[in-house]
Amino acid sequence: MKNKGQEIYNWAKKIFYYNRSITGEGTVKTIKFIQKKLPNLKLKNFKSGKKVFDWIIPDEWNVKEAYIADLEGKKLIDFRLNNLHLMGYSTPINKKIKFKDLIKKLHTIKKMPNAIPYRYSYYSKDWGFCIQYNKLKLFKNKYYKVFIDSSFKKGNLPYGELLINGISKKEILLSTYICHPSMGNNEVSGPVLLTALAQYLRNKKNLYYSYRIIFIPETIGSIAYIHKNIKILKKNVVAGYVVTCVGDNKEFSYLETQEKNTLSNKIAQTAFKLKNIKFKKYSFLQRGSDERQFNSPGVELNIGSIMRTKYGEYKEYHTSLDNLNFISAKGFQGSYDIYKQVIDLFEINRIYKNTKVCEPFFTKYKLRNSTDGTYNSKISSDINISDVCAYLDGKRDLIDLSDILSLDIYYINEMISLLKSKKIIKMVL
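Notes on the structure in this doc start here. Keep in mind that what you see is a predicted model, and the values were worked out from it rather than measured. (Residues numbered from 1 in each chain as written. Predicted model: local features only at pLDDT ≥ 70, side-chain atom pairs only at ≥ 80, totals over all residues. Heavy atoms only, no water.)

So, about the packing of helix H1 (residues 4-15) against helix H8 (residues 329-348). In contact at an axis separation of 7 Å, H1 and H8 are set at 115° when each is read in the N-to-C sense. The two elements H1 and H8 meet at a crossing, and its hand is right-handed. Counted together, Lys 4, Gly 5, Gln 6, Ile 8, Tyr 9 and Ala 12 of H1 and Ala 329, Phe 332, Gln 333 and Tyr 336 of H8 form the full contact between these two elements. Taken together, the residues of the contact of H1 with H8 sort by class into 6 nonpolar, 3 polar and 1 charged. (Axes fitted to C-alpha atoms, helices over the stretch in contact; angles between N-to-C directions. Helix = DSSP H or I, 4+ residues; strand = E, 2+ residues; numbered from the N terminus. Left-handed = near helix turned anticlockwise from the far one by under 90°. Contact = heavy atoms within 4.5 Å. Nonpolar A, V, L, I, M, F, W, Y, C, P; charged D, E, K, R; others polar.)

Another point: the nonpolar core. In globular proteins that are soluble, nonpolar side chains generally tend to be buried together. Tyr 211, Tyr 241 and Phe 346 are the most contacted members of the largest nonpolar core, which has 84 residues in total. Sort the elements by how many residues they give to this core and H8 lands first, with 10 residues. Aside from chain neighbours lying at most four places away, what touches Tyr 211 is Leu 162, Leu 163, Ile 164, Ile 172, Leu 174, Leu 201, Ile 343, Phe 346 and Glu 347. Counting residues in each nonpolar core, the second largest holds 49 residues, with Leu 76, Leu 84, Leu 86 and Tyr 177 among its members. (Core = buried A, V, L, I, M, F, W, Y, C linked by side-chain atoms within 4.5 Å. Buried < 20%, exposed > 50% of the residue type's maximum accessible area, 1.4 Å probe, protein only.)

Let us look at the packing of aromatic side chains. Following the criterion strictly, the structure yields 24 aromatic pairs and no others. Seen from their ring centres, Trp 55 and Tyr 123 are 5.6 Å apart, and the 75° between their planes marks the pair as edge-to-face. Taken as a pair, Trp 55 in strand E3 (residues 55-56) and Tyr 123 in the loop between strand E7 (106-107) and strand E8 (129-130) lie far apart in primary sequence, 68 residues in all. A ring pair is formed by Tyr 314 and Phe 326, whose centres lie 4.8 Å apart and whose planes are at 20°; its orientation type is stacked. (Phe/Tyr/Trp six-rings, centres within 6.5 Å; stacked < 30°, edge-to-face > 60°.)

The next point concerns a positive patch on the surface. Together, Lys 13, Lys 14, Lys 29 and Lys 36 give the surface a local cluster of positive charge. Listed by contribution, the elements that provide at least two residues to the positive patch are H1 and helix H2 (25-37). Tracing the chain through its elements places Lys 29 in helix H2. (Patch = residues over 30% accessible without salt bridge, like charges linked within 9 Å, V, L, I, M, F, W, Y side chains within 5 Å. Areas by Shrake-Rupley, 256 points an atom, 1.4 Å probe, with all protein chains shown as cover. Salt bridge = Lys/Arg side-chain N within 4 Å of Asp/Glu carboxyl O. Lys, Arg positive; Asp, Glu negative; His and termini not counted. Charge placed at Lys NZ, Arg CZ, Asp CG, Glu CD.)

This part takes up the packing of helix H4 (residues 184-203) against H8. It is the contact of H4 with H8, at a shortest axis distance of 10 Å, that shows an interaxial angle of 45°. It follows that H4 is oblique to H8 by the angle criterion. You can see that H4 and H8 cross each other, and the crossing is right-handed. Residues Ser 189, Val 192, Leu 193, Ala 196, Leu 197, Tyr 200 and Leu 201 of H4 form the contact with H8, whose own contacting residues are Phe 332, Ser 335, Tyr 336, Tyr 339, Lys 340, Ile 343 and Asp 344. (Parallel < 35°, antiparallel > 145°, perpendicular 65-115°, else oblique.)

On to unusual backbone geometry. The residue His 318 is not glycine, and still its phi comes out positive at about 55°. Tracing the backbone shows His 318 in the loop between strand E16 (305-307) and H8. At Lys 366, a position not held by glycine, the phi torsion is positive, near 60°. Mapped onto the secondary structure, Lys 366 falls in the loop between strand E17 (351-354) and helix H9 (384-390).

With the rule as written, the count across this model stands at 18 salt bridges. Put simply, Asp 78 and Lys 75 hold a salt bridge, and the shortest N to O gap is 3.9 Å. Here Asp 78 falls in the buried class, since its relative accessible area comes to 13%. For Lys 75, a relative accessible area of 36% corresponds to the partly exposed category. Between Glu 256 and Lys 260 there is a salt bridge whose closest N-O contact spans 2.6 Å. For Lys 260, a relative accessible area of 55% translates into the label exposed. Among the charged side chains, a salt-bridge network with shared partners connects Lys 44, Glu 161, Glu 171 and Arg 212.

Honestly, that's just the spatial picture; any functional story needs more than this.
Now the structure itself:
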């Protein structure tokens, strides 16, 4: 679908300016927008103060207004113009303050003088503003008024969850985060792409796997989700990905799972191979998002991450320059296509086993000519079907066979369909 990238980009524009955080109205608003595209998505909550492993879910935070003004009332920084201006989870304040004290609360990036940095203070009481380094020259007075109308309450940490059932109870986990304000690649790209992929899965008939799709605040959200669902996750999840940084049109990249030989790694790398896409591979030691939690000891779900430019690897990361101009419809289209390829591979990549001991009597099944012993040319021009049978030992999947035999996986799947119709093989997994 060639215009899907544009549709996804349009969704990104709609939710870009919501004031998301790990809690609060902007995050709920984001989930409700996604629910319009995915009516079966459930909005759920974790309560503030709940202990989840080594963490405690913080109070809910909301903001009405925040600014810095001179004593004549002229605003130099205004949260309403860009919500990145306010450090996340800033405590309320309304006072006159000396600039020499105020400067300690102003976050800038000297090397990127036109960028507003993204900063937060979720777990310690603090306040601060983020501004372009170039704007410091506007502060010429001795005193300024600092006003933050924020609130904290015993509320909720919201998340969205959708389970699309397949034939098998075994699951593929697709996760993204919904807690960053006004950033394109390192925020809205993940939720909108995953929304499109969920639509694709919802409309795909006869799914083999079930697909668990979650929209959660990063880190604390995944920790809370694992805490609540660890038994069913460990029982059912066989592979999956954290969907993030998928909106730019630069290089593709893949962050591996902690263990090397996993289904997530095999599927992702096979998808890139089939699409003839070069990609940059990162080891688990270069992790940085919720794969940290999903791969952690005691959880061990072997979740990877298929991205465009990886977080932290582009200069605009965690700044206002990661904006709607940094992402594009073309970038989304490429990411959508590679994830669709991944899903399609999950759906055909089974493990089969011969029902016969020794080589099957191919002549009996009209797969070999009885007079000269050659294989039926209508079925195969060479001995591929025999080679496929030779490696169907109940241990190797179709990706393994594709690598061993140097054959296209979809061609092998055609052979599999034929062998199944003859009852020469049976599916193991």
